[in-house]
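Below are the chains, spelled out letter by letter.
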Amino acid sequence: DHTNADTLRTPIVAVLGHVDHGKTSLLDTIRGSAVSEGEAGAITQHIGATDIPLDTISGMAGELIDPTDFDLPGLLFIDTPGHHSFSTLRARGGALADIAVLVVDVNDGFQPQTEEAIDILRRTGTPFVVAANKVDTTPGWNPQDGQPIQKSLEAQSERAESMLNENLYEIIGQLSDAGFSADLYWRVQDFQKNIGVVPLSALTGEGVPDLLTVLMGLSQRFMKEEMAIDVRGPGEGTVLEVKDERGFGATIDTVVYDGVVRNGDRLVVGGQEEPIVTEIRALLQPRPLEEIRTEKEFEKVAEVGAAAGVKIAAPDLDRAMAGAPVRVVRDRPEVEVVEEVKAELAEIEVDTAEDGVVVKADTLGSLEAMANALREAEVPVLRAEVGDIAPRDIAVAETANQDEHKAILGFNVDLLANAEAELENADVKLFTNDVIYQLIEDYETFVEERQR
Ligand code: GTP
Ligand code: MG
């Protein structure tokens, strides 16, 4: 269609990291400094995401950025709460995020969820930078609110700077152990070969201009081609979360990464058994500058174009899965779109064996990550599904032949109340954890102990 102009969309930036390392604070600071720059109106809050336009970024980055170097419209940041697996962030053929910020507490260094994030970034080939956060907690630190990190370092005592450096080199060493060559970002020449580490403080804002500059530069240099989309094409996205919303029933918080989604559109969404075919009743956004997760009042919008986060209300979404594809039908045969969604779901389907353990996970992405980790650990899988642990999972686990396989491994899921009694009476062992490798380690320990 020649009438559809290609336009550059906003790159999607995922903010990842261990619990409490400062992901949300970092985003709050980016939003907050925009407000103090008098550009609050420019920032748009989305469901699950925050859109920061280029003008605002260059305002915050000050002398570090020349806005005429860029033609991408800005950055769309996705926060991933520690309790919620960011492996939901998958899209057609790979990662939903175009680029990631791995937040690491400069005092704590790598922690279990940092390791897990690194694994997924490696597997999906997602470019990333490391935000070495909380530099202000260095003993004797002399805070330089909102300043570029070099300016801030100039104001520090030798002692404070050397203590910080020690921590930074610890992190650089941990990155190297994880197989990534890394250095302080101003020493990195080729960001495709080396990971840049940006020392910063989400609390004082120092170093945040540097982070924005590095992200903008990386996106512009390496992702411009992928950002060219048909802005009027049928929308494509990924389910972040399935949520009940008063007055709307089950809704899906969705990140749209291609085309446009309009109210009234027919929609195909990956479901627990079959793709769900439905029609959009409402597209919802939080009211301007309100915090999403506490926001109850939505604004109805007529359409959303990529890249954006949006809450979609439509019938039959209660069987939708986090991490599943979302496709607008528009001008295409519906069956084609259904087949497309089926094919995408088949890609994620886990290889199952005649005998093995039962696996449950909160999202398709985490199920995929679990399956990979179990394959590496040579643990066979009898059944793998998204969702909380239900009575029938216990029944399935009981059918395993070998006793050591009579087990359920649950990642980020709950045991449903009606399954509790069932579990008590069954000869089935339940393992739950929100760190994949710990979950698998617990299971392996159980197997070893049995064999003694
Ligand atoms: P989860 O969403 O639970 O995974 O945590 P998070 O990574 O979003 O961390 P959050 O931003 O909630 O910060 C955790 C704690 O660290 C809060 O008490 C913050 O105030 C504090 N914190 C975050 N960044 C900084 C920083 O740069 N300096 C200092 N001193 N404290 C910080
Ligand atoms: Mg958070």
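Described in the following lines is the structure provided in the data block.

1. Some points on the side chain of Ser366
Its location among the elements puts Ser366 in helix α8 (residues 364–376). A polar side-chain atom of Ser366 sits 2.5 Å from a polar atom in the side chain of Asp362.

2. Comments concerning the pattern of salt bridges
On inspection of all chains with the given rule, the structure shows 26 salt bridges. As a salt-bridge pair, Asp98 and Arg9 come within 2.9 Å of each other at their nearest N and O atoms. Taken together, the positions of Asp98 in the loop between β7 (94–95) and β8 (99–105) and Arg9 in the loop between β1 (6–8) and β2 (12–17) put the pair 89 residues apart, joining distant regions of the chain. Across this residue pair, the class does not change: Asp98 and Arg9 are buried. With a closest N to O distance of 3.2 Å, Lys243 and Asp253 form a salt bridge. Separated by 10 residues along the polypeptide, Lys243 in strand β13 (residues 236–245) and Asp253 in strand β14 (residues 249–258) bring together distant segments of the chain. We classify Lys243 as partly exposed; its relative accessible area is 27%. Residue classification places Asp253 among the buried positions, given a relative accessible area of 4%. Each of Glu236, Arg327, Arg332, Glu340 and Glu344 takes part in a single network of salt bridges with overlapping partners.

Definitions and limits used
The residue numbering used here restarts from 1 in each chain and proceeds along that chain's sequence as written. Both sets of labels track the order of writing: A upward for chains, 1 upward for ligands. Totals for whole chains, interfaces and linings use every residue, but because this is a predicted model, local features are given only for residues with pLDDT of at least 70 and side-chain atom pairs only at 80 or more, for both listing and counting. Calculation of side-chain values draws on the structure's entire complement of heavy atoms; hydrogens and water are dropped beforehand. Each helix is a run of DSSP H or I of at least 4 residues and each strand a run of E of at least 2, with the numbering of both proceeding from the N terminus. Contacts described as polar in this section are N or O atom pairs within 3.5 Å, which, within protein, must combine one atom able to donate a hydrogen with one able to accept it, while residues neighboring in sequence count only if both atoms come from side chains. Salt-bridge detection follows one rule: a side-chain nitrogen of Lys or Arg within 4 Å of a carboxyl oxygen of Asp or Glu. Using a 1.4 Å probe on the protein chains alone, a residue whose accessible area is under 20% of its type maximum counts as buried, one over 50% counts as exposed, and one in between counts as partly exposed.

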